[in-house]
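Architecture and fold: a report
Okay, here's what each chain looks like letter by letter:
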Amino acid sequence: MSSVYYGLKPKRQNKILALHSTLTDTGFVLDFLKELQLNNSKAWMDEHREKYLQARQKFSEIVSGTIASLATIDPRVMGLTPTEAMYRINKNDFTRKGGAPYKGRMGAGISPDGRHSPYANYILVLEPGNKSRVGGGLPAPSAKILQAIRQEIDYTPETLENILATAEFKESFGQLFGEKAKVAPKGYSKQHPSIELLKHKSFLALHYFTDEEVSSPTFPEQLLPLYQRVKPLNDFLNQPIKLNQPIKEITL
């Protein structure tokens, strides 16, 4: 044991060591993903199955801690499990496209009822090559939900505009990203004052980290402030989805 822990009670020593172990998990996950990207095949994954399971478990623990932290600002995610939030590493369509079988990243979409719920996600993705990202939004809303969000933008454009204009949002995410329609959506004039927002087909606010930043012991401490800054966007997107109703009762 390092001398910096001498003089501390055993329970305190264990808590500090456990914390340090957790803070280095991100680096382990990135290292595994770097190897996977260089050797993206089922044969390699089968041979390194044990290391994959270790990396997945470490990412699951990171997601679990993130959910617990998020629940302090958004109680609706309380009780969500990492399994419900984490995306599969397998590419379901790789045989049809002839590509690599695995994604080369690990990600989670944290929202009420898990990654596939209609609600806006709190996003956590670890991906080598300085592509790790944290943020929020709706990457692929259904046609009905997209229609409802556009209606909300049409009715109260200043609400979303004010969210995107805050210094905190700009500093953390820059601007609103996501796929956009090339022309004005049906029912909206191309002269609409908020036409660029209405063209959005997905709504994403993302903050990217370098591999060095992700591997730093301070990385977990940077997540909650970013989620706090993206929460107003998620709240706006969730408003037309009628968040107060159970998912099965949602009607748009």
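Everything here concerns the structure above.
Residues numbered from 1 in each chain as written. Predicted model: local features only at pLDDT ≥ 70, side-chain atom pairs only at ≥ 80, totals over all residues. Heavy atoms only, no water.

**Some remarks on unusual backbone geometry**
Unlike most non-glycine residues, Asp113 shows phi in positive territory, near 70 degrees. On the basis of relative accessibility, which here comes to 57%, the residue Asp113 falls in the exposed class. Despite not being glycine, Asn130 has its phi angle at roughly 65 degrees, a positive value. Here Asn130 is to be found in the loop between β2 (121-126) and β3 (132-138). (Buried < 20%, exposed > 50% of the residue type's maximum accessible area, 1.4 Å probe, protein only. Helix = DSSP H or I, 4+ residues; strand = E, 2+ residues; numbered from the N terminus.)

**So, the pattern of salt bridges**
One pass over the full model with this rule turns up 11 salt bridges. Among the ionic pairs, Lys42 bridges to Asp46, the shortest N-O distance being 2.9 Å. One end of the pair, Lys42, and the other, Asp46, are both in helix α3 (residues 42-47), 4 residues apart, so they sit about a helical turn from each other. For Lys42, a relative accessible area of 52% corresponds to the exposed category. Salt-bridge contacts for Lys201 lead to Glu179; the nearest nitrogen and oxygen are separated by 3.4 Å. With a gap of 22 residues between them, Lys201 in the loop between α10 (195-198) and β4 (203-209) and Glu179 in the loop between α9 (167-173) and α10 connect regions that are remote in the sequence. Residue classification places Lys201 among the partly exposed positions, given a relative accessible area of 35%. (Salt bridge = Lys/Arg side-chain N within 4 Å of Asp/Glu carboxyl O.)

**Focus on the packing of helix α4 (residues 49-70) against helix α12 (residues 223-238)**
Contact pair α4 / α12: the axes reach a minimum separation of 10 Å and the direction vectors enclose 50 degrees. It follows that α4 is oblique to α12 by the angle criterion. In this structure, the crossing between α4 and α12 has a hand that is right-handed. Residue-level contacts link Thr66, Ser69 and Leu70 of α4 to Leu223, Leu224 and Tyr227 of α12. Residues of the contact of α4 with α12, tallied by class, amount to 4 nonpolar, 2 polar and no charged. (Axes fitted to C-alpha atoms, helices over the stretch in contact; angles between N-to-C directions. Parallel < 35°, antiparallel > 145°, perpendicular 65-115°, else oblique. Left-handed = near helix turned anticlockwise from the far one by under 90°. Contact = heavy atoms within 4.5 Å. Nonpolar A, V, L, I, M, F, W, Y, C, P; charged D, E, K, R; others polar.)

**Description of the packing of aromatic side chains**
Under the defined criterion, the tally for this structure stands at 5 aromatic pairs. With 5.6 Å between their ring centres and 85 degrees between their planes, Tyr122 and Tyr227 make a pair best called edge-to-face. Taken together, the residues Tyr122 in strand β2 and Tyr227 in helix α12 connect sequence positions 105 residues apart. Seen from their ring centres, Phe169 and Phe173 are 5.1 Å apart, and the 55 degrees between their planes marks the pair as tilted. Of this pair, Phe169 and Phe173 both sit in helix α9, 4 residues apart, roughly one helical turn. Both residues of the pair, Phe169 and Phe173, count as buried. (Phe/Tyr/Trp six-rings, centres within 6.5 Å; stacked < 30°, edge-to-face > 60°.)

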